[in-house]
Each structure stands twice: as C-alpha cells, then as structure tokens.
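Read off the chains here:
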Amino acid sequence: MASIFLSFVGSQDPTSGNTNEEGSIISLTRELKKQQYSIRRFLLLYTEDLTDKAEETKFWLESELNISPDIIELMPVSPGFTQDPVNVLLATQEAHKALNKAAAYMSDHDRLEFNGSSGTPVMKTAWTILQAAGYAPHSSVWQVRNPKQMQAGQSRVFQTNLDTLKNEFDFKVVKQQIEDYNYSGALVTLADSNLSTGLILALVKYGKYRLAFDFDKAYNALREFANNVDSQFLSEIGSLRQKNPWALLKELYFKILINQKNQNFAEFLVDVFRFQEALLKYLVEAKLNFEISETYADTGMWWSKLKSFDNGSAYKAVENYRFPNGGGKISNLQGFPNRPVMLAILENYPEFAQLLTPIYELNKYCEDRNRIVHRLEGVSELPEADKIVRNIKDILRQKNSFSAKNSFDSLNEVILCRIEECIRL
C-alpha cells in the first residue's frame, strides 16, 4: 500500500517567515515518513503568485527529505482561481482536478493523504469537502499545528477526517437501497464507503443473486461465511437449489410482494403468471406421474401418455373442457400443454377442487399479463393487488408453505444491523 500526497502550496511553505519553522507540507511529509508511509506521488497545487514558493517547496522536499524529483508534480491552478483564491467553489474544483490526476497513479489498495493546513481557508477546506462528499473514500485529511500555539499533550500533526459524517450520508443511501431490495445499487454504494465487511458484501450479493433466481451464485456468496450467518438463509437456498417446487413457489410469492411494495405492477403480474403456470405444472405432473414436455417436439409423446392415463379419463376431460363465461373448447389437442389443458386435467379430480378456486381467481390477471407483454402496455396502478396476494397466500397455506414474513425482509434486517455495527466501530 502506498500514498498519494495532495496539497495546495501556501505562503508558509516550505518554511514559515513567522515562526522560522518548516511549513505544513514539509512537516507533514516528515511525519508520514516517520510513520513509514510509502509516498508514491506528490501533487502540489499553486496559484501564480506563489510560483516561487511551489518551486522552493519542491527543492526542499528533494534536498531535505530525499524525495525523488520524479514523483513531485507542481500543478498550477486556473487563472480564475489565482484571481479569486477565496472562492470555495473554485478551490474545490481545483482540488477535484488533482484528485482525478491522482487516480492515474493509484492501485486498488493505495490511499490519499490530504494536507489541510496549507493555503487559504477555502483551499484547506476543499479536501474535507471532497472527502465528505464521497469522492475520496480511502483518504485522510491531515492538520499541522503552529508550533508556537501548541498546548501540552497535543501532537503537531494529526488527522481530522470527516469519515463519521460521510458514513452517515452513505448509510442513509444504502439503507434506502436495501429497503427497496436494490442490492445491485447497494453494492455500488458500499464499494465507495467505509461501511462494508466481507460478510456484509456476501449478504448483499446473496440477496442480489437470490432475487434473480440464480440460487447457485447466491449459495456461493455465503459459503465462506456459513458459520456466521442465520441458518435460515442457508436452509432456504438449499431447498431452492434442489428445485423444491413449493420452495420455488414461495420464492415467487416473495418476489410478488417485493414488486407490490415497489409498485412495479407490470413485473408483479408477470410473476403472478409465473406462479400460476409453475403451480399448475407441478400439480399436473404430480398427478400424472410424468413430466410435461418442455419442447414442442415431445408433445406428441406427452399426449399419447395422457390418453393412456386413468383409462383416458384425463384426456376426455381436456376434450370436453370449455373456457369459462361461455367460451369454446380447447382447439389444439396435440399442441403444447398450456394453462387451459392443465386446468382441465385438475378439474377432473375432486382433490383439487378447493385449490382450484384461488387458482381461477388468478386467471384474469394472467390474461392481463399477456396483454402487457404482447401489446407493450404498462401498469401504473393495480387496485386488485391485495386480492391477488391473498389468493396466493390461500394456495400456499393449503400446502403448508406459507411464510408470514418475506425472507428478503429478514435478510435486509440482518444486513442493516451489520452495517450499523460498522458505523459504531
């Protein structure tokens, strides 16, 4: 790990005419070397009237502290700032330019060392503004006391970081992202903050991948921390990786709740459609004891099996099925086994009667989903959302798979609790 040293050049650099002591740039460099900091680059900003002071400071660093001239870069500020060196906006803009240049010299583990004691008051403040705004997450702002004004027990060189303030800003942002289940956004925020640990990042990645139904990646994100996380998360992801049908349906229910909360009603209806199709497929396959064909090429064999099942009773039910509200029959008895085909089969068996009531309640909304997808329509409001959720709850309760609390809400509570622990450290 190395450091990039950034500072404005002040009128008291490299030495102070008032105290006959070394100025803050030289004093800070001595202290950093004493603490065995490895300084990769010096970026020294100066106004036109302090050109001589900047060159003297560079010479002093080379001659007195054995700093290689190759790593000392003098950066003249804009003419506008030279003419108005008390303008805080211009000072911050010049400091930001130096920050951007410093990025070219930094590796992933390097730090920035800001000298907050040279130059006009706004020059000194510019570094803390950049740090508090989040532009320099891996940085320190250093102050150098006037040796003639030091009190007993005070260090001449010390840090005055605004990490605490920045942490509060970052936490406010990431808290909202987590509560919105925006795990990808939270990962970006955490990457530029002081609020993350390996475990926190693993939990957020777990949420991101689990919400995307990438259960293997979700498991891998937590595997390293298996002994430090709630067993619920590992148990649930285990069932999902094994493609347990009721675990998958419950997971779709959680996604439906998330889309309802975030008012993403188009996605809400898409997931309701997925829920009904997955449910029908599972129930039919469990009843027939053979799988529904995944491709059109295999549909002929599937229909042949259906004709033989239960002495042809299920096939006859499909033949005689009529769509609700006076609709016609199923037209293609050799096509892909769609929702009407599966509903016809289940209607033929009394044990599904109670379950079919809420399933049929979802039918209308599945048609709404088709309209949205195929006609490129949107949904800004859905007054029936609560009713849809109640129907899905009813289905899950009948199969003892209902969970009163969304597992993603439990995950969010753990993540935010861990982040708050980071703030208190």
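Reading the values: rules and limits
- Residues numbered from 1 in each chain as written.
- Predicted model: local features only at pLDDT ≥ 70, side-chain atom pairs only at ≥ 80, totals over all residues.
- Heavy atoms only, no water.
- Helix = DSSP H or I, 4+ residues; strand = E, 2+ residues; numbered from the N terminus.
- Buried < 20%, exposed > 50% of the residue type's maximum accessible area, 1.4 Å probe, protein only.
- Lys, Arg positive; Asp, Glu negative; His and termini not counted.
- Salt bridge = Lys/Arg side-chain N within 4 Å of Asp/Glu carboxyl O.
- Polar contact = N/O pair within 3.5 Å; in protein donor to acceptor, adjacent residues only side chain to side chain.
- Contact = heavy atoms within 4.5 Å.
- Pairing = 2+ DSSP bridges.
- Axes fitted to C-alpha atoms, helices over the stretch in contact; angles between N-to-C directions.
- Expected span 1.5 Å × (residues − 1).
- Right-handed = clockwise from strand over helix to strand, strands pointing away.
- pLDDT = per-residue confidence, 0-100.
- Parallel < 35°, antiparallel > 145°, perpendicular 65-115°, else oblique.
- Left-handed = near helix turned anticlockwise from the far one by under 90°.
- Nonpolar A, V, L, I, M, F, W, Y, C, P; charged D, E, K, R; others polar.
- Patch = residues over 30% accessible without salt bridge, like charges linked within 9 Å, V, L, I, M, F, W, Y side chains within 5 Å.
- Areas by Shrake-Rupley, 256 points an atom, 1.4 Å probe, with all protein chains shown as cover.
- Core = buried A, V, L, I, M, F, W, Y, C linked by side-chain atoms within 4.5 Å.

Take aspartate 13: it is sitting in the loop between strand 1 (3–8) and helix 1 (24–34). Although aspartate 13 is buried, it makes no salt bridge; lysine 53 carries the closest opposite charge, 8.4 Å away. Within polar-contact distance, the side chain of aspartate 13 engages the backbone nitrogen of serine 24 at 3.4 Å. With residues up to four places along the chain from it excluded, the contact list for aspartate 13 reads Phe8, Gly23, Ser24, Ile25, Lys53, Thr57 and Ser118.

Taken together, six strands build an open sheet; the order of strands is 3-2-1-4-5-6 and the sheet is mixed. Each edge of the sheet is formed by a strand with only one pairing partner; in this case those strands are strand 3 (72–76) and strand 6 (157–159). Each strand of the sheet is rotated relative to its neighbour by a mean of 25°, with strand direction disregarded. The sheet strands contacting helix 2 (residues 51–65) are strand 2 (39–46) and strand 3, and the helix crosses strand 3 at an angle near 175°.

Turning our eyes to something else, we now look at helix 8 (residues 198–211). Along an α-helix, a turn takes 3.6 residues, which lines up residues three or four apart on a common side. Compared with an ideal rise of 1.5 Å per residue, which puts 14 residues at 20 Å, helix 8 spans 20 Å between its outermost C-alpha atoms and is within 8% of the ideal. Those residues of helix 8 that fall on the buried side of the exposure criterion are Leu199, Ile200, Ala202, Leu203, Val204, Tyr206, Gly207, Arg210 and Leu211. Looking one or two residues beyond helix 8, the residue adopting positive phi is phenylalanine 213, at roughly 65°.

This part covers the pairing of strand 2. Extensive coverage of strand 2 is indicated by the burial of seven of its eight residues. Where strand 1 and strand 2 come together, six bridges link them in parallel fashion. By the bridge assignment for strand 2, phenylalanine 5 is matched with phenylalanine 42. In the sheet, strand 2 pairs with strand 3 via five bridges, with the strands oriented parallel. Each residue of the ladder has a partner; that of leucine 44, found in strand 3, is leucine 74. Regarding topology, helix 2 serves as the crossover connection from strand 2 to the parallel strand 3, and that connection is right-handed.

Predicted coordinates in regions of low pLDDT should not be interpreted in detail. Averaged over all residues, the pLDDT of the protein equals 87, while 93% of them reach at least 70. Confidence scores differ between elements of the protein, with helix 16 (residues 353–375) showing the lowest mean pLDDT of 73 and helix 8 the highest of 96.

Quick look at the packing of helix 9 (residues 215–223) against helix 10 (residues 231–241) now. For the pair helix 9 and helix 10, the least separation of the axes is 9 Å and the interaxial angle reads 150°. The angle between the axes of helix 9 and helix 10 places the two elements in the roughly antiparallel class. Considering how the two elements wind past one another, helix 9 and helix 10 form a crossing that is left-handed. Of the residues in helix 10, those touching helix 9 at Phe215, Asp216, Ala218, Tyr219 and Leu222 are Phe233, Leu234, Ile237, Leu240 and Arg241. Partitioning the contact of helix 9 with helix 10 into residue classes produces eight nonpolar, no polar and two charged.

The final tally for this structure, using the stated rule, is 15 salt bridges. Close ionic contact of aspartate 110 with arginine 40 constitutes a salt bridge, the shortest N to O distance being 2.8 Å. Within this pair, whereas aspartate 110 is found in the loop between helix 4 (88–103) and strand 4 (111–115), its partner arginine 40 is found in strand 2, the two being separated by 70 residues in sequence. Overall, aspartate 110 belongs to the buried group, its relative accessible area being 2%. A salt bridge links glutamate 179 to lysine 175; the nearest nitrogen and oxygen atoms lie 2.7 Å apart. Note that glutamate 179 and lysine 175 are positioned in helix 6 (residues 163–179) at a spacing of four residues, about one turn of the helix. Since its relative accessible area comes to 28%, glutamate 179 is described here as partly exposed. A residue is classified by how much of its surface remains accessible, and lysine 175, at 30% relative accessible area, is partly exposed. Via salt bridges that share partners, Arg41, Glu73 and Lys101 belong to a single interconnected network.

Together, Val88, Leu89 and Ile129 give the surface a local cluster of nonpolar side chains, amounting to about 240 Å² of exposed area. Its relative accessible area of 41% is what places valine 88 among the partly exposed residues.

Another point: the nonpolar core. Counting 81 residues, the largest nonpolar core has Phe268, Phe275 and Ile345 as its most contacted members. The dominant element in this core, judged by the number of residues it contributes, is helix 12 (residues 265–288), at 10 residues. Sequence-distant contacts of phenylalanine 268, defined by excluding residues within four places in its chain, comprise Ile256, Asn259, Gln260, Leu382, Ala385, Ile388 and Val389. Val77, Phe81, Ala126 and Val141 belong to the second-largest nonpolar core, a separate cluster that totals 22 residues.

Now for unusual backbone geometry. Following aspartate 13, the chain continues to proline 14 via a peptide bond in cis, the omega torsion being 0°. Along the polypeptide, proline 14 turns up in the loop between strand 1 and helix 1. Located in the positive-phi region is asparagine 289, a residue other than glycine, with phi close to 70°. On the secondary structure map, asparagine 289 appears in the loop between helix 12 and helix 13 (299–308). The class of asparagine 289 is exposed, set by a relative accessible area of 71%. Of note, aspartate 310 is a non-glycine position whose phi angle comes to about 50°, a positive value. Take aspartate 310: it is sitting in the loop between helix 13 and helix 14 (313–320). For aspartate 310, a relative accessible area of 37% translates into the label partly exposed.

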